[in-house]
Amino acid sequence: MSGYGSLPVSDAAPSAFLDPTVEEPLEQKPNTRKVYLAALVATSAGLAIAGVHSQGAARSTSDQWPATVSSMNNVRGAPVTLDSVDSDDLAIGVYNTYTETYGAVGTDYPWNDGSIVEPYREHYFELTGDLVDECNTMVTTWKNSDYYGQACTAKWSLFSEDWGTELEQFVGLPATAQTTFESATTYRVKVGLYISSDAGSVDGATLLGDEVKTSLYSRYVRREVRKYTDDDRDSLIATMRLLYDLDDSTGQAKYGKHYRSMQYFVSKHTDLAGDETCDHLHEGLGFLTNHVAISMEFENALRVVDNTLSLPYWDYTIDGNNAQQAAENNGADEEKAWRSSVVFTDEWFGTSSPGNDLNTATMLTGPWANTPVMTLTDYDDDSTSHVSNSYGYLRAPWNTNNNPYVARFNK
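As the structure is a computational prediction, the values presented were derived from the model and not from experiment. (Residues numbered from 1 in each chain as written. Predicted model: local features only at pLDDT ≥ 70, side-chain atom pairs only at ≥ 80, totals over all residues. Heavy atoms only, no water.)

K.L.:
Explain the overall build of the chain here, please?
P.N.:
In terms of regular secondary structure, the chain is built from eight helices and eleven strands. Split into buried and exposed, the 411 residues of the chain put 48% on the buried side. Across the chain, contacts joining residues at least 24 apart in sequence account for 72% of those joining residues at least 6 apart. (Helix = DSSP H or I, 4+ residues; strand = E, 2+ residues; numbered from the N terminus. Buried < 20%, exposed > 50% of the residue type's maximum accessible area, 1.4 Å probe, protein only. Contact = heavy atoms within 4.5 Å.)

See below:
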């Protein structure tokens, strides 16, 4: 499914319906006495705090929905119940690797009257309810039933938002169908439960009850860093690193005109924050809006390279609470405990303090090891119009650090 439909326009949820991105809600944590702030990577990127209006590059596919999917456990997001039949009769459940583990997302969004699915991620559908149970009983247990020995068969149909175009169809067992959505848009799904002589066909079959329908809203989902699978984390970090290593001209030649290198983001952040007249990024009302915008642009650049990606967010109150508990219960150093957060591991952004002075603060392990700090000479035109420090590094003018590598320290 590639490029069908368009982004929905709704009169609800003003911060979400214009944007093909939703965020999982923050979990409520006890108040912490202390929260320590730290830069994760010495770039403008950091972690996401807002959405991106981007569908990413579409990919073509001829994937079909298989009859069954094996090795799936029973921990799934709550099925979406439908208003066309009683919820006890039939219900459509849709889930992926994440919602199977953590449950459905976006259930509190007022515009979500169906279920949220995610672009470029494999999803599984399941038809459940009393009607399915009764059907299975009739064909497997009730030997005096007219339908004994036949098959319970589901006919799934996936449509465009206006129901005008049928995009895919699958006929088979009702347990699970499978597909991958390839656009951040709205889909419709319809399914009917049949008793048939052939599980692969509904020709001449008996429809049980009514066909049921629901809406599927395809949106990128941002998750807290701890929820990321190892594969998704590694893909995200590898793409971040690629943006650091591949300049604009080379990247645009390979990935298209919307590619943006890390040089672009570092330069933008430094030029705005290092302006001698005003820190445009961090002072007054500009902080949230400007960081929302630059995070959106950064996420879009990531998706030009890998259209499956979404920026994570970091709920540092989890680490603050853990550090407080460690200090109160075990006498641990609260600040040191906080810096043991997963974000400060080599798998993510590296240790919070490689050394205690500029000469020993270079990142030496992980994907950010020995990452050079960009300079004015990195520009194709050797531009001197950008903000830099006295050594020519893309750091604020008042930052006299002459360490040529990404550095991080706490003193």
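We are not done yet, so read on.
K.L.:
Even after reading the chapter, I still don't get the pairing of strand E5 (residues 122-128), so can you show me in this structure?
P.N.:
Two faces, one strand: in a regular strand the side chains alternate between the faces of the sheet. Where burial is concerned, most of E5 is hidden: five out of the seven residues are buried. In this structure, E5 lies alongside strand E8 (residues 177-180), joined through four bridges in antiparallel fashion. Across the sheet, residue His123 finds its bridge partner in E8, namely Thr179. (Pairing = 2+ DSSP bridges.)

K.L.:
Is there a simple way to think about the side chain of Thr179 in this case?
P.N.:
If you trace the backbone, Thr179 turns up in strand E8. Within the local environment of Thr179, its side chain forms a polar contact with the side chain of Glu168, the two groups lying 3.3 Å apart. (Polar contact = N/O pair within 3.5 Å; in protein donor to acceptor, adjacent residues only side chain to side chain.)

K.L.:
What should I look at first to understand the nonpolar core in this one?
P.N.:
Soluble globular proteins tend to pack their nonpolar side chains together in the buried interior. Grouped together as the largest cluster of nonpolar side chains are 35 residues, with contacts concentrated most on Met240, Phe298 and Leu302. When contributions to this core are tallied by element, the ones reaching two or more residues are helix H3 (230-245), helix H5 (262-273) and helix H6 (286-305). In this structure, Val132, Val139, Ala154 and Tyr187 belong to the second largest nonpolar core, which totals 27 residues. (Core = buried A, V, L, I, M, F, W, Y, C linked by side-chain atoms within 4.5 Å.)

K.L.:
Explanation requested: the packing of H5 against H6 in the structure shown.
P.N.:
For any two helices packed against each other, the geometry is given by the interaxial angle and the distance between the axes. At their nearest, the axes of H5 and H6 sit 11 Å apart, and the two run at 170 degrees to each other. With respect to H6, the element H5 is oriented roughly antiparallel. Across the interface between the two elements, Met262, Tyr264, Phe265, Lys268 and His269 of H5 pack against His291, Ile294, Glu297, Phe298 and Ala301 of H6. Tallied by class, residues from the contact of H5 with H6 come to six nonpolar, two polar and two charged. (Axes fitted to C-alpha atoms, helices over the stretch in contact; angles between N-to-C directions. Parallel < 35°, antiparallel > 145°, perpendicular 65-115°, else oblique. Nonpolar A, V, L, I, M, F, W, Y, C, P; charged D, E, K, R; others polar.)

K.L.:
Explanation requested: the packing of aromatic side chains in the structure shown.
P.N.:
The way to describe two aromatic rings as a pair is by their centre distance and the angle between their planes. One pass over the full model with this rule turns up 17 aromatic pairs. Between Phe159 and Trp163, the aromatic rings sit 5.2 Å apart at their centres with planes inclined by 50 degrees, giving tilted as the arrangement. Arranged with centres 5.9 Å apart and planes meeting at 85 degrees, the rings of Trp314 and Phe344 form a pair that is edge-to-face. Taken together, the residues span a long stretch of sequence, with Trp314 in the loop between H6 and helix H7 (316-330) and Phe344 in the segment after helix H8 (334-338) at a distance of 30 residues. The two residues Trp314 and Phe344 agree in class, both being buried. The structure contains a cluster of three or more aromatic residues connected by ring pairs, namely Phe125, Trp156, Phe181 and Tyr187. We note Lys227 situated over the ring of Tyr102; from NZ or CZ to the ring centre the distance is 4.9 Å. (Phe/Tyr/Trp six-rings, centres within 6.5 Å; stacked < 30°, edge-to-face > 60°. Lys NZ or Arg CZ within 6 Å of the ring centre and 35° of its normal.)

K.L.:
Where do I start with the state of the cysteines in this structure?
P.N.:
Disulfides are covalent bonds that link the sulfur atoms of two cysteine residues. Summed over all chains, the structure comprises one disulfide. Here Cys135 engages in a disulfide with Cys152; their sulfurs sit 2.1 Å apart. Residues Cys135 and Cys152 are joined by a disulfide whose S-S torsion is about -120 degrees; by sign, that bridge is left-handed. Of this pair, Cys135 sits in helix H2 (residues 130-140) while Cys152 sits in strand E6 (residues 151-159), and the two are 17 residues apart along the sequence. Here Cys135 and Cys152 have matching classes, each one buried. (Disulfide = S-S within 2.5 Å.)

K.L.:
What's the story with the sheet that holds E6 in this structure? I'm lost.
P.N.:
Pairing between the strands of a sheet is mediated by backbone hydrogen bonds and can be parallel or antiparallel. Strand order in this open sheet of five strands is E4-E10-E9-E6-E7, and the pairing throughout is mixed. Among the strands making up the open sheet, the edge pair consists of strand E4 (115-117) and strand E7 (166-172). Each neighbouring strand pair of the sheet contributes to a mean axis angle of 25 degrees, computed without reference to strand direction. The pairing of strand E9 (residues 186-196) with strand E10 (residues 206-218) spans nine bridges and is classified as antiparallel. Directly across from Arg188, in E10, lies its bridge partner Ser215. Most of the contacts of H2 go to E9, to which it runs at about 25 degrees, and overall it touches E6, E9 and E10.

This is a description of form; function is not addressed.
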